[in-house]
Amino acid sequence: MAVIVNLDVMLAKRKMSLTELSEKVGITMSNLSILKKGKAKAIRFSTLNLICKVLNCQPGDILEFQPDED
């Protein structure tokens, strides 16, 4: 089971840099980078809410579930 983070896709669609998102959301570049690379172990709903608000998207646009292949 894997949750894929598509933050880079949404940033490209919105023509926004990670730096700009960091400034608008108030989250450090390093934390957003960890999330973008799929290395984060968790994300707070408040953080997800802010990201979705700034990118004008739904949580499902950023997070995607891909089940393991058996």
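All figures in this text were calculated on a predicted structure; none of them were measured in a lab. (Residues numbered from 1 in each chain as written. Predicted model: local features only at pLDDT ≥ 70, side-chain atom pairs only at ≥ 80, totals over all residues. Heavy atoms only, no water.)

Examining the packing of helix α2 (residues 18–25) against helix α3 (residues 29–36)
Taken N-terminus to C-terminus, the directions of α2 and α3 make an angle of 120°; their axes are 9 Å apart at the nearest point. The angle between α2 and α3 places the two elements in the oblique class. Judged by the sense of rotation from one axis to the other, the crossing of α2 with α3 is right-handed. Contacts from L18, T19, L21 and S22 in α2 reach M29, L32, S33 and K36 in α3. In terms of residue class, the contact of α2 with α3 is built from four nonpolar, three polar and one charged. (Axes fitted to C-alpha atoms, helices over the stretch in contact; angles between N-to-C directions. Helix = DSSP H or I, 4+ residues; strand = E, 2+ residues; numbered from the N terminus. Parallel < 35°, antiparallel > 145°, perpendicular 65-115°, else oblique. Left-handed = near helix turned anticlockwise from the far one by under 90°. Contact = heavy atoms within 4.5 Å. Nonpolar A, V, L, I, M, F, W, Y, C, P; charged D, E, K, R; others polar.)

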